[in-house]
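One letter stands for each residue in the lines below.
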Amino acid sequence: MLPIEVPLLSAGAPLPHVFADEGRLLVAYLANAPDTSFDGTKPRSVSPLTGNQSVAILAAEPYLAFQFGPPNDEAVSGHRLYQSGLRAYEAFEVCNSSWIASLEKANRVHSSHTAELFSDYRHFILTFHDSTLEFIAKSFSTSLRKGAVLTALMEAAGEGA
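A brief report on the enclosed structure follows.

Definitions and cut-offs
- Residues numbered from 1 in each chain as written.
- Predicted model: local features only at pLDDT ≥ 70, side-chain atom pairs only at ≥ 80, totals over all residues.
- Heavy atoms only, no water.
- Helix = DSSP H or I, 4+ residues; strand = E, 2+ residues; numbered from the N terminus.
- Rg over C-alpha atoms; globule rule 2.2 N^0.38 Å.
- Buried < 20%, exposed > 50% of the residue type's maximum accessible area, 1.4 Å probe, protein only.
- Contact = heavy atoms within 4.5 Å.
- Lys, Arg positive; Asp, Glu negative; His and termini not counted.
- Charge placed at Lys NZ, Arg CZ, Asp CG, Glu CD.
- Salt bridge = Lys/Arg side-chain N within 4 Å of Asp/Glu carboxyl O.
- Pairing = 2+ DSSP bridges.

So, the overall build of the protein
Then, number 1: Looking only at helices and strands, the protein features two helices and nine strands.
Then, number 2: Reading the protein from its N terminus to its C terminus gives the helix and strand order β-β-β-β-β-β-α-β-β-β-α.
Then, number 3: Taking 15 Å as the expected radius of gyration for a compact globule of 161 residues, we find that the protein reaches 17 Å, a close match to that expectation.
Then, number 4: When its C-alpha atoms are laid out on the principal axes, the protein stretches across 60 × 40 × 20 Å.
Then, number 5: Here the protein holds 161 residues, and 40% of them are scored as buried.
Then, number 6: Here the contacts in the protein between residues at least 6 apart in sequence split such that 72% fall between residues at least 24 apart.
Then, number 7: Side chains of the protein carry 11 positive and 17 negative charges; the gap between the two charge centres is 1 Å.

Right under this line is the structure:
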């Protein structure tokens, strides 16, 4: 497992939101940005509609598969890849992915199957506070925006339409 660079995930409430269709995967989340106005005494609540946030957009087009859900940061040690170095609030690429291998094996029943169809795909994992995102894609890009998580995601989705 190799660490990869993405905009740092907020350790508080990154509020990841996912948009996917058959060809494109978009993920928006709050990036870890220092808040100079926070004095440590009055935590503030942030929702997906709270504006003026540092929002990371991850885009994978095309992608092959994704899964989004458990484990959270408190249960990440139960993830099948924890012993390989998986940690909370970080992003990784899985080398020699058994998930990609299983998808390639399942596709062998297709009359036009060749193993090379899967050779350029890579397995990525982002571990958030309350969830984990895993996806398989050839590559992905990231960008940062100012705004609300949900608004930024919808804008990014509209840009690819």
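Having seen the model, we can carry on.
Focus: the pattern of salt bridges
Then, number 1: What the rule picks out here adds up to five salt bridges.
Then, number 2: One salt bridge connects Glu134 with Arg80, and the closest N-O pair in it is separated by 2.8 Å. Taken as a pair, Glu134 in strand S8 (residues 132-137) and Arg80 in the loop between strand S5 (63-69) and strand S6 (91-94) lie far apart in primary sequence, 54 residues in all.
Then, number 3: Look at Glu134 and you get buried, because its relative accessible area is 2%.
Then, number 4: The shortest N-O distance in the salt bridge between Arg122 and Glu93 comes to 2.8 Å. A residue pair is termed long-range when its members are at least 10 positions apart, and Arg122 in strand S7 (residues 122-127) and Glu93 in strand S6 qualify at 29 residues.
Then, number 5: Each of Arg145, Glu155 and Glu159 takes part in salt bridges that share partners, so that together they form one network.

Comments concerning the sheet that holds S8
Then, number 1: Spatially, the five strands line up as an open sheet ordered S1-S6-S7-S8-S5, and their pairing is antiparallel. One side of each edge strand has no neighbouring strand; the edge strands of this open sheet are strand S1 (2-3) and S5.
Then, number 2: Alignment of S7 against S8, held across six bridges, turns out to be antiparallel. Considered in S8, the bridge of Thr127 is made with Thr132.

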